[in-house]
Amino acid sequence: MRQMVMVGFLQAQNCTTLASAWRHPDARTDFTTAAYFQKIGQVLEEGKFHLGFFDDRLAMPDIYGGNPAEVVANGVRVVKIDPVVTLMAMGFGTRYLGIGSTASTTYYEPFDVARRFQTADLMLGGRVAWNVVTSVNDGEAQNMGRDVHMDHDLRYDRADEFMEIVLGCWDGWEDDALVVDKKSGLFAHPEKVHRLEYEGKFLKSSGTFTVPRSPQGHPVIIQAGSSNRGKTFSARWAETVFVAYPDLEDGKKQYAELKAEVARLGRDPDLMTANTIVYPVVAETRSEAEDKMALINSLYKEVDGLSLLSEALNFDFKTKGMDEAFTSEELQGMSGMQAMRDRVMKVTGRNPTVRDFLEVTRRGRPRETAVGSGKDVADYLEQWFTERACDGFVVAGTHTPGTFEDFVRFVVPELQRRGLYRKDYAGATLRENLGLSKPARGAWKLRA
Ligand SMILES: Cc1cc2nc3c(=O)[nH]c(=O)nc-3n(C[C@H](O)[C@H](O)[C@H](O)COP(=O)(O)O)c2cc1C
């Protein structure tokens, strides 16, 4: 029987994706310690989650108003510690949980990403994943020494080359290349360690990779692009994708399109799982959960929404009045998450205002919520899963570790009773737990 994939949406920062999460009375405040992340990892593992993954952005959302004062004072995603280092801390406090981190193809070097993630995968016995992003805004560009963020589609073209280098590096060592035989003096088979010579339009790399294969071959590749170009990229490279489908009907349509695109590229669509975001707010009874939701809603401040919109769309929303429409040139120039802009334009049917953006996107507030008892939330997840709007869920926190604790206590046992969710880990590596085979060297080259 087909079973759900469960992913914990994690942040190596002072709040969850909801900036207001740190204001929640039950939110832990020790988010700069290993103990905090290990606790979250242990809760996810108790709930048999396949994966926890850390999102990332290489800047504060201080495009808003052109300075950091307001976002710092309000704690709008301003502490962002390194997600790969945090992943390691969580990994050492868990045994089976897969753990992923985001890393940008636009601002890092492919050899560096290949080496760092392959090392993490070795250290954690094959439990690591890489969420590939091309990044979104000028704040990231400027922190990384550039003036402006690269054009949207161009950065995906460049990211294709980035992937070819990273996978080329990961192909460097065959599975049985390492010998370490002191008697014969043979350290590794030279014919099983391969040099990479790559020269593309944007990137080049030439050399022999320095990290052997891991128990699962190499890290699992995650992608979450939602623009047309982003989806093509996902279909080509991702082994599991993260999506944010706005409702069930739209989800079914987009899910079918994604699977068709994967099949068109000659890949098995059943092996590439698509997981959609959900914010569960769950309690013993439905009315208790509704009270919890009311509290969560009361924590939101307008600065959360406005600064996170500015960040995502790479445009300072403070330069516009609340009911002032954006000009067509301004809309065209938004180079961040274009799918978000396009949806707002589609819903409003005209040049939208700042208020339209706040209302349609609900940025800074939970949008994809499932509120109720364990049974209510399990019903919601079951419908999305069985009607084929997704293969699993990216469970997002309204506060941590509370959201995950509630989910594991109330929802997981209900899903398990229904046979929709596994009762234990299938193996030691993330690939085994996701039902993915160990990748053969060079298999990725068959993709278009
Ligand atoms: C669950 C989920 C997690 C994401 N995590 C990140 C992230 O950590 N960093 C990031 O820059 N974008 C993240 N994104 C956004 C996309 O990866 C992508 O960067 C964004 O949608 C812009 O690309 P697009 O224009 O192709 O959609 C995430 C999206 C989803 C649905």
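Residues numbered from 1 in each chain as written. Predicted model: local features only at pLDDT ≥ 70, side-chain atom pairs only at ≥ 80, totals over all residues.

Okay, the site of the ligand next. Within the structure, the ligand sits among 22 residues, and D55, G225, S227, G230 and F242 are positioned closest to it. Every element with two or more residues in the shell around the ligand is listed here: β4 (128-133), β10 (240-243) and α12 (338-348). Of the residues assigned to the shell around the ligand, the class counts are 11 nonpolar, 8 polar and 3 charged. Counting residues domain by domain, the shell around the ligand receives three or more from each of domain 1 (5-283 + 370-446) and domain 2 (301-364). (Near = placed C-beta within 6 Å. Helix = DSSP H or I, 4+ residues; strand = E, 2+ residues; numbered from the N terminus. Nonpolar A, V, L, I, M, F, W, Y, C, P; charged D, E, K, R; others polar. Domains from an automatic or database assignment.)

What follows is about the pairing of strand β11 (residues 273-282). Within β11, 10 of the 10 residues are buried, leaving the element largely enclosed by the surrounding structure. The sheet contact formed by β10 and β11 spans 4 bridges and is parallel. Bridge pairing links T240 to T273 in β11. Each parallel crossover has a hand, and for β10 linked through helix α8 (residues 248-264) to β11 it is right-handed. In terms of strand pairing, β11 meets strand β13 (residues 392-396) through 4 bridges, oriented parallel. Paired with V278 across the bridge in β13 is V395. (Buried ≥ 20, exposed ≤ 12 C-beta atoms within 10 Å, placed from the backbone. Pairing = 2+ DSSP bridges. Right-handed = clockwise from strand over helix to strand, strands pointing away.)

What follows is about the domain arrangement of the protein. For the protein, the domain assignment lists domain 1 (5-283 + 370-446) and domain 2 (301-364). The interface is formed by 20 residues belonging to domain 1 together with 19 residues belonging to domain 2. A total of 3 residues in the side of domain 1 that touches domain 2 trace back to one element, the largest contributor, which is helix α2 (residues 69-74). Here the residues of the side of domain 1 that touches domain 2 are counted per class, giving 8 nonpolar, 9 polar and 3 charged. (Contact = placed C-beta atoms within 7 Å.)

Our focus in this paragraph is the packing of helix α1 (residues 34-46) against helix α15 (residues 402-417). Packing of α1 against α15 leaves a shortest axis separation of 9 Å and a crossing angle of 15 degrees. Taken together, α1 and α15 sit at an angle that is classed as roughly parallel. Note on packing geometry: the crossing formed by α1 with α15 is left-handed. Only F404, E405 and V408 of α15 make contact with α1, whose side of the interface consists of I40, V43, L44 and E46. Each residue belonging to the contact of α1 with α15 can be placed in one class, and the counts come to 5 nonpolar, no polar and 2 charged. (Axes fitted to C-alpha atoms, helices over the stretch in contact; angles between N-to-C directions. Parallel < 35°, antiparallel > 145°, perpendicular 65-115°, else oblique. Left-handed = near helix turned anticlockwise from the far one by under 90°.)

Before going further, it helps to examine helix α9 (residues 286-298). Look at α9: 19 Å from first C-alpha to last across 13 residues, which is about the 18 Å you get at 1.5 Å a residue. Among the residues making up α9, those that are buried are A289, K292 and I296. All buried residues of α9 lie within an arc of 55 degrees about the axis, which places them on one face of the element. Away from the buried face of α9 by more than 90 degrees, exposed residues S287, A294 and S298 are located. (Expected span 1.5 Å × (residues − 1). Arc of directions from axis to C-beta.)

Another point: unusual backbone geometry. With an omega dihedral of 0 degrees, the bond running from T400 to P401 counts as a cis peptide bond. Following the sequence through the fold, P401 ends up in the loop between β13 and α15. Located in the positive-phi region is R362, a residue other than glycine, with phi close to 55 degrees. Relative to the assigned elements, R362 resides in the loop between α13 (354-361) and β12 (369-372).

This next bit is on the pairing of strand β8 (residues 204-208). Inspection of the sheet shows strand β7 (residues 195-199) paired to β8 by 5 bridges, in the antiparallel sense. Among the inter-strand pairings, L196 is bridged to a residue of β8, identified as G207. As consecutive antiparallel partners, β7 and β8 are separated by 4 residues.

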